[in-house]
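Here is how the chains run, residue by residue.
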Amino acid sequence: MPAHDHPEPLPHEKAEEARLRNRGVLVGMGYLVLSGLLFAIFTAIVRWVSSDLHPAETAFIRYLFGFLFLLPIFMGARRRELKTKRPVMHVLRGLIHGTGVLLWFYAIAKITLAEVTALAFTAPVWATLGAFLFLGETVRARRIAAVLIGLLGALIVLFGIPSSQAELMANLSGIGLGQFAILVAAPLFACSKLMTKRLTDTENTTAIVAWLSLTVTVVLAIPAITVWRMPSLEEWLSLAAVAALATTAHICMTRAWQAADISVTQPVEFLQLVWASLIGIYMFGETPTLGIWIGGAVIVGSASYIAHREALTRRQERTAEAVAARPHAT
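Owing to the predicted nature of the structure, the values given are computational and were not obtained by experimental measurement.

Asker: Which residues make up the overall build of the chain, and what values go with them?
Answerer: Across its full length, the chain carries 13 helices and zero strands. Scanning the chain from its N terminus toward the C terminus, one meets helices and strands in the order α-α-α-α-α-α-α-α-α-α-α-α-α. Put simply, the chain has 330 residues, and 42% of those count as buried. Summarising the internal contacts of the chain: among those between residues at least 6 apart in sequence, 88% fall at separations of at least 24. For the chain, the accessible surface area stands at approximately 17,700 Å², while carbon and sulfur atoms represent 67% of it.

Written out as structure tokens, the structure is:
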């Protein structure tokens, strides 16, 4: 008889566990739906403001307000939490993330909201590829296939599903700097995410968030100065609202992932494309193409599968750790 017996849960205990898990999924999906809507709204505000203000200035002011929200941390008793062992990595991450932000704001001013949203969905795909190349993580054939499918989705967004060579050439001629900007921004954001993952080995969350806010603000100030014009009161208020909406959206996203596994909630992010398309139609007269819808669905499907595999790997690792830590019979 083993010294430590671990009986199977009773049926009612299993039912209660399933009920709590399902409730967590619903709560997580609710938070993610709200997060996607907030992201779409602040993207629309950025698009509206960028019609008069240069994207570099718009991006700088948005992050300036974000930094001001965190300023009490730098000046208050919590500033001891900002101590870092890796200042160079923080600066490098700020440079990479700031460049991605600048390109993202530029893309918003040049192409449809639906197109920006769909192509931005490729960030998890690039993150998976980067984890393999730079972090040495094992990426098996199925995940590599998901990466390739995600990139195929990006091509569908860009070129649609042409029925002839002439239509393909016409779609190619329609690709401009806006599409190129978001295609470069997505892997830059993925790189920033991977650096964040590496920083969590030695840094606390407060330091990671605060130093990113400061470094990105400084990075964006450089191009903003070259195109600066004094914003109107309405523009200041709009960009303050953008900062508040972005912060709230990130909080909702974090709570969604706390309530439910990301592999379950990931498909809900496709609704962000719906919100962006509806806002683009009614506010800016944009018409999303069929290629954007199909390509966006393919990209989200790929990202969802990647999230599912990551969640499965984490569960297997936790199970292995639990088995290893379990007392053995003597």
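Asker: Could you give an account of the pattern of salt bridges, with specific residues and numbers?
Answerer: Tallied over the full model, the rule gives two salt bridges. Between Glu 286 and Arg 47 there is a salt bridge, with its nearest N and O atoms 2.5 Å apart. Separated by 239 residues along the polypeptide, Glu 286 in the loop between helix 12 (270–284) and helix 13 (290–325) and Arg 47 in helix 1 (residues 11–49) bring together distant segments of the chain. Note on accessibility: Glu 286 and Arg 47 belong to one class, buried. Of the charged contacts in the structure, one is a salt bridge between Arg 229 and Glu 235, with a shortest N-O distance of 2.8 Å.

Asker: Could you give an account of the packing of helix 5 (residues 123–134) against helix 6 (residues 141–159), naming the residues involved and the relevant values?
Answerer: Relative to each other, helix 5 and helix 6 sit at 140 degrees, their axes nearing to 9 Å. It follows that helix 5 is oblique to helix 6 by the angle criterion. Between helix 5 and helix 6 lies a crossing whose hand is left-handed. Seen from helix 5, the contacting residues are Val 125, Trp 126 and Thr 128; seen from helix 6, they are Arg 143, Val 147, Gly 150 and Leu 151.

Asker: Lay out the packing of aromatic side chains in plain terms, naming residues and giving numbers.
Answerer: Pairs of aromatic rings are described using the distance from one ring centre to the other and the angle between the two planes. Counting across every chain of the model gives six aromatic pairs. Their ring planes at 55 degrees and their centres at 6.0 Å tell us that Phe 42 and Trp 104 sit as a pair that is tilted. With Phe 42 in helix 1 and Trp 104 in helix 3 (residues 87–110), the pair connects residues that are 62 residues apart, well separated along the chain. Both residues of the pair, Phe 42 and Trp 104, count as buried. Taken together, the ring pairs in this structure connect Phe 39, Phe 42, Trp 104 and Phe 105 into an aromatic cluster. Across from the ring centre of Phe 284, 5.1 Å away, lies the NZ or CZ of Arg 47, which sits over that ring. One cation-aromatic arrangement involves Arg 62 over Tyr 63; the distance from NZ or CZ to the ring centre is 4.2 Å.

Asker: Describe the environment of Val 274, and please don't skip the residues or the numbers.
Answerer: You can see Val 274 is positioned in helix 12. Each C-alpha atom, one on Val 274 and one on Ala 114, is 7.9 Å from the other, the two residues being 160 residues apart in sequence.

Asker: How would you sum up a nonpolar patch on the surface? Please name residues and give values.
Answerer: The grouping of Ile 161, Leu 290, Trp 293 and Ile 294 at the surface amounts to a nonpolar patch, some 380 Å² of accessible area in total. Within the secondary structure, Ile 161 is located in the loop between helix 6 and helix 7 (165–173).

Asker: Describe in detail the nonpolar core, supporting the description with residues and values.
Answerer: Taken as a class, soluble globular proteins show a tendency for nonpolar side chains to be buried jointly. Counting residues in each nonpolar core, the largest one holds 55 residues, and the members touching the most others are Phe 42, Trp 104, Val 116, Ile 182, Leu 220 and Leu 239. Setting aside residues no more than four positions away along its own chain, Trp 104 makes contact with Phe 42, Thr 43, Val 116, Ile 182, Ala 185 and Phe 189. Among the nonpolar cores identified, the runner-up in size contains six residues, and Phe 67, Leu 70, Phe 74 and Leu 82 belong to it.

Asker: Requested: an account of the UniProt feature "transmembrane region" (unreviewed entry) in the chain, with residues and values cited.
Answerer: What UniProt calls "transmembrane region" (unreviewed entry) maps, in this numbering, to residues 24–48, 60–78, 90–107, 113–135, 144–163, 175–196, 208–230 and 290–308. Each end of residues 144–163 is marked by a C-alpha atom, and these two atoms are 28 Å apart; helix forms 80% of the span and strand 0%. End C-alpha atoms of residues 290–308 are separated by 27 Å, and the span's content is 100% helix alongside 0% strand.

Asker: Lay out the environment of Ile 45 in plain terms, naming residues and giving numbers.
Answerer: Examined against the element boundaries, Ile 45 turns out to sit in helix 1. Taking the C-alpha atoms as reference points, Ile 45 and Val 242, 197 residues apart in sequence, are found 6.9 Å from one another.

Conventions and cut-offs
- Residues numbered from 1 in each chain as written.
- Predicted model: local features only at pLDDT ≥ 70, side-chain atom pairs only at ≥ 80, totals over all residues.
- Heavy atoms only, no water.
- Helix = DSSP H or I, 4+ residues; strand = E, 2+ residues; numbered from the N terminus.
- Buried < 20%, exposed > 50% of the residue type's maximum accessible area, 1.4 Å probe, protein only.
- Contact = heavy atoms within 4.5 Å.
- Areas by Shrake-Rupley, 256 points an atom, 1.4 Å probe, with all protein chains shown as cover.
- Salt bridge = Lys/Arg side-chain N within 4 Å of Asp/Glu carboxyl O.
- Axes fitted to C-alpha atoms, helices over the stretch in contact; angles between N-to-C directions.
- Parallel < 35°, antiparallel > 145°, perpendicular 65-115°, else oblique.
- Left-handed = near helix turned anticlockwise from the far one by under 90°.
- Phe/Tyr/Trp six-rings, centres within 6.5 Å; stacked < 30°, edge-to-face > 60°.
- Lys NZ or Arg CZ within 6 Å of the ring centre and 35° of its normal.
- Patch = residues over 30% accessible without salt bridge, like charges linked within 9 Å, V, L, I, M, F, W, Y side chains within 5 Å.
- Core = buried A, V, L, I, M, F, W, Y, C linked by side-chain atoms within 4.5 Å.
- UniProt positions renumbered as here; feature names shortened; annotations may be inferred.

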